[in-house]
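Residue-level structural notes
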There are 2 protein chains.
Amino acid sequence: MKKILIVGALLACVVPACAQQNLWKSQDIESAVVNLDHTVTFRFQAPNAQKVQIAGDFAEIKEDNPVGGLVGTGLIDMKKENDSIWVYTSAPLKSELYSYMFVVDGTVTVDPNHPYIFRDFGTVSNYFIVGDGLADLFRVQQVPHGTLQSIWYTSERFKMNRRLNVYTPAEYEKNPNKKYPVLYLLHGAGGDEDEWVNYGRTCQIIDNLTAKGLCEPMIVVMPNGHVSFEAAPGESSLGLYKPFHPAMMNGEFEQGFPEIINFVESNYRVQADKAHRAIAGLSMGGFHSFHISRLYENTFDYVGLFSAAVGLTRQEGIYKNAEETLKKQIANGVKLYWVGCGTEDFLYKNNADMRAMFDRLGLKYIYRESGDGHVWKNWRLYLAEFAPLLFK
Amino acid sequence: MKKILIVGALLACVVPACAQQNLWKSQDIESAVVNLDHTVTFRFQAPNAQKVQIAGDFAEIKEDNPVGGLVGTGLIDMKKENDSIWVYTSAPLKSELYSYMFVVDGTVTVDPNHPYIFRDFGTVSNYFIVGDGLADLFRVQQVPHGTLQSIWYTSERFKMNRRLNVYTPAEYEKNPNKKYPVLYLLHGAGGDEDEWVNYGRTCQIIDNLTAKGLCEPMIVVMPNGHVSFEAAPGESSLGLYKPFHPAMMNGEFEQGFPEIINFVESNYRVQADKAHRAIAGLSMGGFHSFHISRLYENTFDYVGLFSAAVGLTRQEGIYKNAEETLKKQIANGVKLYWVGCGTEDFLYKNNADMRAMFDRLGLKYIYRESGDGHVWKNWRLYLAEFAPLLFK
């Protein structure tokens, strides 16, 4: 890990005192250190613990382990190296963004020596990145950076102000007369408008692809797909509540979507036509993308369904007779219809059934099958593959 | 805590499966619940623990307690309520934003049932808000919300792209021809451009004051005061490193500040004159505000020093003969010079000495003395009192 040479500090001695009188002083150890050979070293200080384990999505899953409600991970024993520090160094890991946490005598905790934490629905975990491969796209590189805005639109339909994340490309401010295409990027049922920003690494992926000339400069709009919420947990007037699942997939988000398009096209320099609109999403967001694009059947030239949560809802309301509008969408033409799914995904069969319907109706699509299940690893990959195909 | 009625969900049964196969399932308990009488109930699941304690800035400090490197907090024993859940309910708490964490058999951990976490330099802790008083300003209310942007400017001086947070008021998009005043708001030595957004609650404070007509609609610019960094930890090309203190308070940030002003005034609709520029900051940011405002001695009509880290640097470089430019600044006139400090602040005497110098030189200022030390509680309070005085 590169370190800036610490020189010229007139003040080094008083620095600890200058920080706020905070609760938790840093410990003098480093953890989640990615070594040159792509092994990763974890350290945890727990002098009194009997057993410290590490849970991570890089760990082999050996059994269904109920400790602390952990799922999708194995548990690896760490070794006590001296009186107080527990250590584990992994095998070399493939380039990826990984999540992890520690289990100390059965109690799950985050890593106090690696303060990089994402929230996923109601839980938090640490993350780290192993580079020199695909995950270089997920890192902040020394390239021009787009702007990320958290902006609120007023929904007449839902009678509230609602939060959107909007990424504008690095060149946006420098070209005050240029208009840009828009990708609407939708989250899953456990997520919110921040999910694609955090786990999804959208700003980094689009920054890096754009800098390499691999994708067109574009605006990416990340709305909140739960229409009973103003915003992500902690960002709304509901305050700091324990996250809970609201009503969802009842057709309301789809019917309110024109408000979002209108807001974006009124407030940003946008190429406001079908050829310059894309919509994609993961899981529930893939379901939303399917329905929004066929409901407004001449609006999007690019559609991406990432592990889409299709085939789960009852055929009522806007979901009744979906094939009718889908046929119109097909007749109108779509430049790119893209479907991705992991072989281990619990929605694999639902996606296969959907593709069979597409085949029957004559909708041409690109199908990308990857390994693994219903996980971010796939959705970052899909975005990285989908974005370069847009607006060309 | 208000809960949205969960109705009309066609899909409730498959929701847990729709969330990503994440590491850590939520436990079925609620913690950091603010009760109607302003007591707060904490819960922690640890069936095997011998002792669970809570550390928080609401806890009385009884002794210097080295457990886990905690500072500025007392430790309170929790009680085991049944086989696995430890519970503590506080006394009624004053309206404030509080931080806390748990100590489980001597190991510090965050609360897995309250996923609201801030990073402060190299550490993380949970936070909660007790309302019905000052801290209502810190909550997201049902008022029009400004836009928060993370935008990057190119620094010629430091040869890198650098990240800024910029808040524009709720009405900014609705008044495309109106120009706005700007408050430059600077962080402390342990912070970065995200500090005023997170712990500082700047967006919420300014949103709420503006909605009540108590402050002028304004732009707030929050730059990164460590000039060897592009951005906050995790947001720069340094990657996910263990945060460390760079060179600081060596005059470089002050000398590079015109680049920031130029960027803001070129990219936002700004009233670009002295009467519509304010600069304020906490600790190192107060030090920066003092020096920047006297160095560019006819640029700011409003200056705010919050627990300023003055009197610590050697009198060399731009810090030599500071009084000369300060005298010019005084001669040019300043509409408001505001100084705030806590009685327990380790910089109290430094601030008293500074005020004695101001008295000697004839600089008129408002002095606000509060209780407590070098903590966010004071800086949020100061922002809430300072902002309404600006641009009037």
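Structural notes, computed from the coordinates. Quantities reported herein were computed from a predicted structural model and do not represent experimental measurements.

1. Quick word on the overall build of chain A
Assigned secondary structure in chain A consists of 7 helices and 18 strands. Across the 392 residues of chain A, 64% fall into the buried class. A separation threshold of at least 6 residues defines the contact pool for chain A, and within that pool the share at least 24 residues apart is 74%. In the form shown here, chain A has an accessible surface area of approximately 14500 Å², with 49% of it arising from carbon and sulfur atoms.

2. Things to note about the pattern of salt bridges
All names here are of chain A. Overall, the coordinates contain 32 salt bridges over all chains when judged by the stated rule. Measuring nitrogen to oxygen at the nearest pair gives 2.8 Å for the salt bridge that ties Glu171 to Lys178. Judged by relative accessible area, which is 36%, Lys178 ranks as partly exposed. Among the salt bridges present, the one from Glu316 reaches Arg314, with a minimum N-O distance of 3.6 Å. Since its relative accessible area comes to 36%, Glu316 is described here as partly exposed. A cluster of three or more residues bridged by salt bridges with shared partners is formed by Arg163, Glu193, Asp194 and Glu235.

3. Thoughts on the sheet that holds strand β2 (residues 40-45) of chain B
Residue and element names in this part refer to chain B. Judged by pairing direction, the sheet is antiparallel, and its 4 strands sit side by side in the order β1-β2-β6-β5 without closing on themselves. Because the sheet does not close on itself, it has two edges, and the strands there are β1 (33-34) and β5 (79-80). As defined by bridge partners, β1 adjoins β2 across 2 bridges and the pair is classed as antiparallel. Residue Val34 lies in a different strand from β2, and its bridge partner there is Val40.

4. Remarks on the side chain of Ser307(A)
For Ser307(A), the position within the fold is in the loop between β16 (302-306) and α5 (322-332). When neighbours within four sequence positions are excluded, Ser307(A) is seen to be in contact with Ser283(A), Gly340(A), Cys341(A), Asp345(A), Leu347(A), Asn351(A), His374(A), Trp379(A) and Tyr382(A).

5. Here's the deal with the pairing of strand β16 (residues 302-306) of chain B
All names here are of chain B. With 5 of its 5 residues buried, β16 lies for the most part within the structure. Here β16 shows no split at all, with Tyr302, Gly304 and Phe306 on one side and Val303 and Leu305 on the other all buried. In terms of strand pairing, strand β15 (residues 277-282) meets β16 through 5 bridges, oriented parallel. Residue Leu282 lies in a different strand from β16, and its bridge partner there is Phe306. Each parallel crossover has a hand, and the one from β15 via helix α4 (residues 284-295) to β16 is right-handed. Here β16 pairs with strand β17 (residues 336-342) via 5 bridges, running parallel. Bridge pairing in β17 places Phe306 opposite Gly340.

6. Considering unusual backbone geometry
The backbone of Ala32(A) shows a phi angle near 55°, a positive value even though the residue is not glycine. The backbone phi angle of Ser307(B) is positive, close to 50°, even though this residue is not glycine. Assessed through its relative accessible area of 0%, Ser307(B) is described here as buried.

7. Describing helix α6 (residues 348-361) of chain B
All names here are of chain B. End to end, α6 covers 20 Å across 14 residues, agreeing with the expected 20 Å (1.5 Å per residue, within 8%). Of all the residues in α6, the buried ones are Asn350, Asn351, Met354, Arg355, Met357, Phe358 and Leu361. Projected onto a plane normal to the axis of α6, the buried residues spread over an arc of 155° and lie on a single side. For α6, exposure combined with an orientation more than 90 degrees from the buried face picks out Lys349, Asp359 and Arg360. Remark: Gly362 follows α6 within two positions and exhibits a positive phi of approximately 80°.

8. Structural notes on the pairing of strand β14 (residues 219-222) of chain B
Residue and element names in this part refer to chain B. Judged by which residues are buried, β14 turns out to be covered on both faces: Ile219 and Val221 on one side and Val220 and Met222 on the other are all buried. Direction of pairing for strand β12 (residues 160-168) relative to β14: antiparallel, over a ladder of 3 bridges. Each residue of the ladder has a partner; that of Val166, found in β14, is Val221. Pairing geometry for strand β13 (residues 182-186) and β14, over 3 bridges, is parallel. The residue bridging Tyr184 from the neighbouring strand is Val221, located in β14. Handedness of the crossover is the feature at issue here: the chain leaves β13, passes through helix α2 (residues 202-211), returns alongside β14, and the resulting connection is right-handed.

9. Thoughts on the state of the cysteines
Residue and element names in this part refer to chain B. As enumerated under the stated definition, the model contains 0 disulfides over all chains in all. Cys203 takes part in no disulfide bond, and the closest cysteine sulfur, belonging to Cys215, lies 12 Å away. Cys203 gets classed as buried once you look at its relative accessible area, which sits at 11%.

10. With respect to the sheet that holds strand β2 (residues 40-45) of chain A
All names here are of chain A. Taken in spatial order, the 4 strands line up as β1-β2-β6-β5 in an open sheet, and their pairing is antiparallel. A strand with exactly one partner marks an edge of an open sheet, and here the two such strands are β1 (33-34) and β5 (79-80). In terms of strand pairing, β2 meets strand β6 (residues 85-89) through 5 bridges, oriented antiparallel. Looking at β6, one finds that Phe42 is bridged to Tyr88.

11. Quick look at the packing of aromatic side chains
According to the stated counting rule, one finds 70 aromatic pairs over all chains in the structure shown. Ring centres of Phe229(B) and Tyr241(B) lie 6.2 Å apart, and the angle between their planes is 40°; on these two criteria the pair is classed as tilted. Of the two residues, Phe229(B) is situated in the loop between β14 and α3 (252-267) and Tyr241(B) in the loop between β14 and α3; the sequence distance between them amounts to 12 residues. Residues Phe229(B) and Tyr241(B) agree in their burial class; the two are buried. Measuring from ring centre to ring centre gives 5.7 Å for Phe306(B) and Tyr382(B), while their planes differ by 65°; the resulting arrangement is edge-to-face. Here Phe306(B), found in strand β16, pairs with Tyr382(B), found in helix α7 (residues 376-386); they are 76 residues apart in sequence, far enough to count as distant. Feature note: the residues Tyr116(A), Phe118(A), Tyr127(A), Trp196(A), Tyr199(A), Phe306(A), Trp338(A), Trp376(A), Trp379(A), Tyr382(A) and Phe386(A) constitute an aromatic cluster, connected by ring pairs. Here the guanidinium or amino end of Arg269(B) rests over the ring plane of Tyr172(B), the centre of that ring lying 4.0 Å away.

12. Brief notes about the packing of helix α5 (residues 322-332) of chain B against α6(B)
Residues and elements named next belong to chain B. At a minimum axis distance of 11 Å, the contact between α5 and α6 shows a crossing angle of 55°. Taken together, α5 and α6 sit at an angle that is classed as oblique. Crossing geometry of α5 relative to α6 is assigned as right-handed. Residues Glu323, Leu326, Lys327 and Ile330 of α5 pack against Met357, Phe358, Arg360 and Leu361 of α6.

Definitions and limits used
Residues numbered from 1 in each chain as written. Chains lettered and ligands numbered in written order. Predicted model: local features only at pLDDT ≥ 70, side-chain atom pairs only at ≥ 80, totals over all residues. Heavy atoms only, no water. Helix = DSSP H or I, 4+ residues; strand = E, 2+ residues; numbered from the N terminus. Buried < 20%, exposed > 50% of the residue type's maximum accessible area, 1.4 Å probe, protein only. Contact = heavy atoms within 4.5 Å. Areas by Shrake-Rupley, 256 points an atom, 1.4 Å probe, with all protein chains shown as cover. Salt bridge = Lys/Arg side-chain N within 4 Å of Asp/Glu carboxyl O. Pairing = 2+ DSSP bridges. Right-handed = clockwise from strand over helix to strand, strands pointing away. Expected span 1.5 Å × (residues − 1). Arc of directions from axis to C-beta. Disulfide = S-S within 2.5 Å. Phe/Tyr/Trp six-rings, centres within 6.5 Å; stacked < 30°, edge-to-face > 60°. Lys NZ or Arg CZ within 6 Å of the ring centre and 35° of its normal. Axes fitted to C-alpha atoms, helices over the stretch in contact; angles between N-to-C directions. Parallel < 35°, antiparallel > 145°, perpendicular 65-115°, else oblique. Left-handed = near helix turned anticlockwise from the far one by under 90°.

Functional significance is not addressed by these values, which are geometric in nature.
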